[in-house]
Structures are given as structure tokens and as C-alpha cells.
Amino acid sequence: MQVTQVLGSQGLDDVPVFPLRSRARVLLSSVFGPYGRDDEHGSRAINPMELYHNQVTRTQGPFSLRMFHRSWGLMFIQANIDAPCVLLDFPTLERFEQELTDHEYDIIGIGAIRPNLAKVRTMCRMIRRLQPNATIVIGGHIASGPDVPDLIDADHFVRGDGIRWMRHFLGEDVDRPIRHPHIMSGFGRRAMGMNLSTNPRSIAATVVPSVGCPLGCNFCSTSAMFGGKGNFVNFYRTGDELFDIMCQLESALKVRSFFVMDENFLLHRPRALRLLELMRRNEKPWALYVFSSANALKLYTSEELVGLGISWVWMGLEGKASQYAKLNNTDTRQLIADLQAHGIRVLGSTIIGLEEHTPQNIDAAIDYAVSHNTEFHQFMLYTPAPGTPLHAELSAKGVMLSNDEIAPADVHGQYRFNYRHPHIPAGDETEMLLRAFQRDFDVNGPSILRVIGSTLAGWQRYRNHPERRVRERFEWEVEDMAKVMAGALWAAKRWFRDNPVVSRRLSDMLVEVKRAFGLKARILAPVVGRIILHAARREARRLAGGQWSYEPSTFYEANFDRQGTPAAGGTMAGLIQWVVASMVHPSPA
């Protein structure tokens, strides 16, 4: 076996070139499902394949935002190699076995995270049994664990830039430009018991300018995976390159918004300002959903942020008196209020279980987080992932738990610590985390409706902006306000009639919507609201029984036809794609 860390142009000197080079037949696969239920393979009901429901709106019942996201890293690798390649995303174990039985492969790559260790081990055993001549490559966050090569039977473990590694392994040019795959940011979107719009104009495309984060927080597995503090891998260095990619995605996917999957997009100010210049010159009314540290946001004026189309910001708040430099000298509550006043919605992220947290001060820490009144709020346990500086530090102190003490499948940040906390008794963290989610919900109400206030504030502030493209963006952000959102507020107000704080907040927002949109909102709110209320009640009954889970569809995609002919127009054009599983699977009783 070989373990390789790929950082930019480094780390490939000792990697061999596969004998068949680009003639090799490649299979890329994510780990198998089902995901949202407890089983012997390491799936956990508490840790479904739904980022928002799992980590952000976890206790919000039928108001939780439900959706799935594709395996973007595997999509990037497939899009950037010349070898015939099949991508099997979210297969069942039976579907994975069928693929190995029906088709022979030379290289089989699996991408995963650490909690999926048992599933990856099962898949590798199946490969050895059914295709013993295949070379097995393991990538993604799971490969960062120093013990993983001893736990999984594979030939190569790739840490860092999987595109460069696979190109080199296939004997291809590692430095040629990165081809961006066409990715819709989410699918299977659902809330309040209803499927959300599948119109591309209502869904963002995913764009990935770079990977890694130079800030290098000690707990961040993504930063560690791509070199840690001071390091990252740029796919598109300039605003011109990025603008060109976004134009391609706009044309191909018919989108008008972009989820910018970059750990700290606004930190690269020259690229962002050049993108702003090109958006203005070409009158692009785009909306951007970005990750950003508080200090990076402070580098921009509100006019620059609005001009860039910054519509959502995912921001690390970590905790009161946090040690992390990205929050130095920043009043995060005031910063968030200022952003919301300009129509910029915020997803805040808070850590439960920092070194200074105790049973005595945890409520104050939770209340501080909740007081930010962000539209969405992620809560995660302080978790030292293998490969991070925090993991190395706690390992040196001898406080990390072994795999026998806590299974890797349970180390996902939503259940238990994987180390001995200096102040919090083992097991208490589970309730503390749930307490944080519930407190935020009880005080601030359902996240999917909190967005109405800041969206309305942005529209009222900028609907007469001198730039037509800015006016146009804010107009389409409120285009469903008088119907869908008014109805949702009407329904939620009745749902929360026993919570006077939330009920009053929802009532006030409904008054504002009716004042802004007049007769249309007043007529449609109760009509649409009754439909939504009925759907939400039905969803609550379905979920309460514990007999239902949402599972992603299985995707099968090839960059060639089965006769070996490349897909028309190149790797990502004319993909062969079948959705072979239904969106929803009732789990067994």
C-alpha cells in the first residue's frame, strides 16, 4: 500500500504510473446506503446523508430543511481524467456488487469520511473477492487518519488533491486546466412536508474556486487535508477564470445563483473584486452563497458585498471569547445584524464543548450563540478529526479514545466526544448539543421562515438601487413572498400558538409581508397556509413514528458509452445518467 499527501505540485514524485495509463477502466464510488438508519455497516439514524437536517435544523421537525448533495469531489475527478470512468454515487451495497459483477475495472476509487470506515472496509473486501486484479484507491477525509491503512485493505491512500493524483497515476498532464463539472447544489429539497421547487432558477449551481483554508483552525479537517495553515489549492486563481466558469454553469444549468464551495471565498479579495467588476460590466444579477470568516467580511463595504450578490454567508462563530484569530476584535452580533439589514442571510456555526466549556457555563455559551439570531445555526461538538493539529495535540496528551471505546461511525460531531473532555463528563455532551439546537428553535423559530425578515429588508433597501442587475436580484428573491412565504407564515403562526415568543415573531413578519405586498398577500396567506399546515402536520406524524427516513437517489454516470466511445463533447458533456433509486425509502419497522 502507498499513502500519498498531494499538496499543489508536491507529493507525486513517488507515485507510480499505472501500466495501462489512460486506457485503464476506472470506477469511482461513494459509500453505500442506506444512510439514515442504524445498521451493522455503520449507518446511523442520528447522522443521515442530509447536511442541513443533520447539523443545522436537527430538532425542527417538519420545519427542518431536507436535501441531499452529490459527491462533488468524485464528480471533479471524473470530469478531469481522460480514462473511461464510471461514477456510482449513493449506491446500495447490492447495486455496488452488481456493478462489480457486471463490469470489469482496472482501478476502483472510493471517497469517504471517517465515520464510513466500516462501509469502506466492506466495499474493499467485496472488490478483492469479485475483482482481485483491480487496484483500490481510497481518498477523501477518511484517508487522513494515520491508522486507516492498517484498517482497510487498499493499494493507495490519497490525502489532498485527488485530481492531480489520479491524473498522474493515469499518466496524464497534471497541470492542464481544471474542467468544472455541472453540479446543482442540492436535490430532493423538502420542508414543511412539501417538496420545494425543482426549477433551476430556484436552485443554486455549485462552483468550487479552491479547496482547503489558509487560516488553519486546529480542528478543521478540510484545512488539514490540503496542507493546513497557510496552504490551499486554487483551481481558479483569477476573477476572470471564475467568471468564465460561472457563465458556463449559468448557460448549461439555467441557474441564477451559485453556492460557492470555498472555505473562505472572500479572503481572496483581488479575485472577488475582479469578479464584481465583471458582473457589473456584463450586468449579471447573480446571487452568491459563500463561506467567510468574520474578519474577511470586514474587508468589504456593504456596497461591495451587495454588488457581488452575496446573499448568504456561512460564518464560523465558534464560541464566546473564542481563541480563533478569524474572530479577533469582531462584534459578531453587530456584524450579523448589519449583514441582515442589507438582505444578507447568515448561517452561524457554533462549537459545543470547547476547552473552557463546563456544565456550569454551557447555558451561557448556548444563549450567546442563540442571541446572534442568525437565519440558520449549526451546532457541532468539538471534535478532533484524525489528521488535524487538534487530534495530534490531544493524542500527545493521551486523552483520545480508541476505536474500541467509541466506534468511528459515532464520531461525526453530533453524538459523543472521541476524547476525554477536561470538564464535561462523558455522555453529557449529547444532551448539551440537543439543548443548543432546541434553545435556538424555541427562541428564534423555524429557520426556513427566519429568512423572510432579512430578505424583505434587503428588497426594501435596494429595490430602487441605481444598478438594474441589483434591483433584479432582489426582485426575484421576493417573488414568492406574497404567496408561498405568506402562506408558510400563516401556517407556522398557528403551529406555534403555544410558544408566545415565536408566535409573536411570526405574526409580526406576516404583518410586514402583508404591508409590503398588499391585497395579494392578504388573500393568499390563509389559502396557501391551510395547504402548508396540513402538509406539515402530515409530515410530523410520519416522522414521529420513526418508521421513515429520507435517502438520496442513486446516480450512475459514465464519460463514455459501453462501446468505449467518449461522451459527445468531452468528459462532462452528454453524460450517461440514470437515477436508479427513488427519493424516499421507508425504513424497516
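Residues numbered from 1 in each chain as written. Predicted model: local features only at pLDDT ≥ 70, side-chain atom pairs only at ≥ 80, totals over all residues. Heavy atoms only, no water.

1. Regarding the overall build of the protein chain
Put simply, the rule reads: Only DSSP runs of H or I covering at least 4 residues are called helices, and only runs of E covering at least 2 are called strands; the numbering of each starts at the N terminus. Note on method: radius of gyration uses C-alpha positions; expected globular size equals 2.2 Å times residues raised to 0.38. Classification of residues uses two cut-offs on accessible area relative to the type maximum, computed with a 1.4 Å probe and protein chains only: under 20% is buried, over 50% is exposed, and between them is partly exposed. Any two residues whose heavy atoms approach within 4.5 Å are treated as being in contact. The convention is simple: Lys and Arg are positive, Asp and Glu are negative, and His and the chain ends are not counted. Note that the charge is assigned to NZ on lysines, CZ on arginines, CG on aspartates and CD on glutamates.
A count of helices and strands for the protein chain gives 19 helices and 21 strands. Computed over the C-alpha atoms, the radius of gyration of the protein chain is 24 Å, within 12% of the 25 Å expected from 2.2 N^0.38 for a compact globule of 589 residues. With the principal axes as the frame, the protein chain shows a C-alpha extent of 70 × 55 × 50 Å. Looking at the protein chain as a whole, 59% of its 589 residues are labelled buried. In the protein chain, 75% of the contacts between residues at least 6 apart in sequence involve partners at least 24 apart. Across the protein chain, the centroid of the 66 positively charged side chains sits 8 Å from that of the 62 negatively charged ones.

2. Quick look at a positive patch on the surface
Quick note on the threshold: Patch membership is restricted to residues that have no salt bridge and whose relative accessible area is over 30%. Joining uses 9 Å for like charges and 5 Å for the nonpolar side chains Val, Leu, Ile, Met, Phe, Trp and Tyr. Here the accessible surface of atoms and residues is derived via Shrake-Rupley with a 1.4 Å probe, and residues count as covered only by protein chains that are part of the display. The salt bridge criterion pairs a side-chain nitrogen of Lys or Arg with a carboxyl oxygen of Asp or Glu, the two atoms within 4 Å.
Together, Arg 497, Arg 537, Arg 538 and Arg 541 make up a region of like positive charge exposed at the surface. Of note, Arg 538 is situated in helix H19 (residues 500-544). Exposure remark for Arg 538: the relative accessible area of 37% places this residue in the partly exposed category.

3. Let's talk about the pairing of strand E5 (residues 107-111)
Heads up, the rule is: A pair of strands is considered paired only if DSSP assigns at least 2 bridges between the two.
Among the 5 residues that make up E5, 4 are buried, leaving the element largely enclosed by the rest of the structure. In the sheet, strand E2 (residues 26-30) pairs with E5 via 5 bridges, with the strands oriented parallel. The residue of E5 that forms the bridge with Ser 30 is Gly 111. By the bridge criterion, 5 bridges tie E5 to strand E6 (residues 135-139) in an arrangement that is parallel.

4. A closer look at the confidence of the model for the protein chain
The criterion, for reference: Scored from 0 to 100, pLDDT records how confident the predictor is in each individual residue.
A residue-level look at the protein chain finds 93% of positions with pLDDT of 70 or above and a mean pLDDT of 91. Taken as a whole, residues 568-589 scores under 50 in pLDDT and shows 61 contacts with residues more than four places along the chain or in a different chain.

5. Topic: the packing of helix H8 (residues 239-253) against helix H9 (residues 269-281)
As a reminder, the rule being used: For every element, the axis is a line fit to its C-alpha atoms; helices are fit only across the contacting stretch, and the angle between N-to-C directions ranges from 0 to 180 degrees. These descriptions rest on fixed angle ranges, namely under 35 degrees for roughly parallel, over 145 for roughly antiparallel, 65 to 115 for roughly perpendicular, and the rest for oblique. We call a crossing left-handed when the near helix sits turned anticlockwise from the far one by less than a right angle, and right-handed when that turn is clockwise. Polar here means any residue other than Ala, Val, Leu, Ile, Met, Phe, Trp, Tyr, Cys and Pro, which are nonpolar, and Asp, Glu, Lys and Arg, which are charged; Gly is therefore polar.
Between H8 and H9, the least distance of the axes is 8 Å, while the angle of their chain directions is 50°. By the angle between their directions, the pair H8 and H9 is classed as oblique. Crossing of H8 against H9: the hand is right-handed. Contacts between H8 and H9 involve Gly 239, Asp 240, Leu 242, Phe 243 and Met 246 on the former and, on the latter, Arg 271, Arg 274, Leu 275, Leu 278 and Met 279. Its residues placed into classes, the contact of H8 with H9 shows 6 nonpolar, 1 polar and 3 charged.

6. What about the packing of aromatic side chains?
Put simply, the rule reads: Stacked, tilted and edge-to-face are the three classes assigned to paired rings of Phe, Tyr and Trp, where Trp is represented by its six-membered ring and a pair needs centres within 6.5 Å; plane angles under 30 degrees give stacked, over 60 edge-to-face, the rest tilted.
Evaluation of the coordinates by the stated rule reveals 24 aromatic pairs. Ring geometry for Phe 18 and Phe 169: centres 5.4 Å apart, planes at 55°, overall tilted. Of the two residues, Phe 18 sits in the loop between strand E1 (2-6) and E2 while Phe 169 sits in helix H6 (residues 162-169), which places them 151 residues apart along the sequence. This pair shows no difference in class: Phe 18 is buried, exactly as Phe 169 is. Seen from their ring centres, Tyr 35 and Phe 90 are 6.1 Å apart, and the 80° between their planes marks the pair as edge-to-face.

7. Overview of helix H14 (residues 389-397)
Put simply, the rule reads: The directions considered for the arc run from the helix axis to the C-beta atoms.
For H14, every residue scored as buried is listed here: Leu 390, His 391 and Leu 394. Seen end-on, H14 carries its buried residues on one side only, within an arc spanning 100°.

8. Regarding the nonpolar core
Most often, soluble globular proteins have nonpolar side chains that are buried together. The condition is simple: Throughout, nonpolar core names a set of buried Ala, Val, Leu, Ile, Met, Phe, Trp, Tyr and Cys residues whose side chains join them through atoms within 4.5 Å.
Counting 117 residues, the largest nonpolar core has Leu 266, Leu 288 and Met 315 as the members making the most contacts within it. In terms of residue count, the dominant contributor to this core is H19 (11 residues). Beyond its immediate sequence surroundings of up to four residues, Met 315 is in contact with Ser 292, Ala 294, Leu 297, Leu 335, Ile 336, Leu 339, Val 346, Leu 347, Gly 348 and Ser 349. Among the nonpolar cores identified, the runner-up in size contains 35 residues, and Ile 136, Ile 138, Val 148 and Tyr 556 belong to it.

9. Topic: the packing of helix H16 (residues 447-462) against helix H18 (residues 481-495)
Two numbers describe how H16 lies on H18: the axes approach to 10 Å, and their chain directions differ by 130°. Classed by the angle they form, the pair H16 and H18 counts as oblique. In the packing of H16 onto H18, the handedness of the crossing is left-handed. Along the contact surface, H16 presents Ile 448, Leu 449, Val 451, Ile 452, Thr 455 and Leu 456, while H18 presents Met 481, Met 485, Ala 488, Leu 489 and Ala 492. Here the residues of the contact of H16 with H18 are counted per class, giving 10 nonpolar, 1 polar and no charged.

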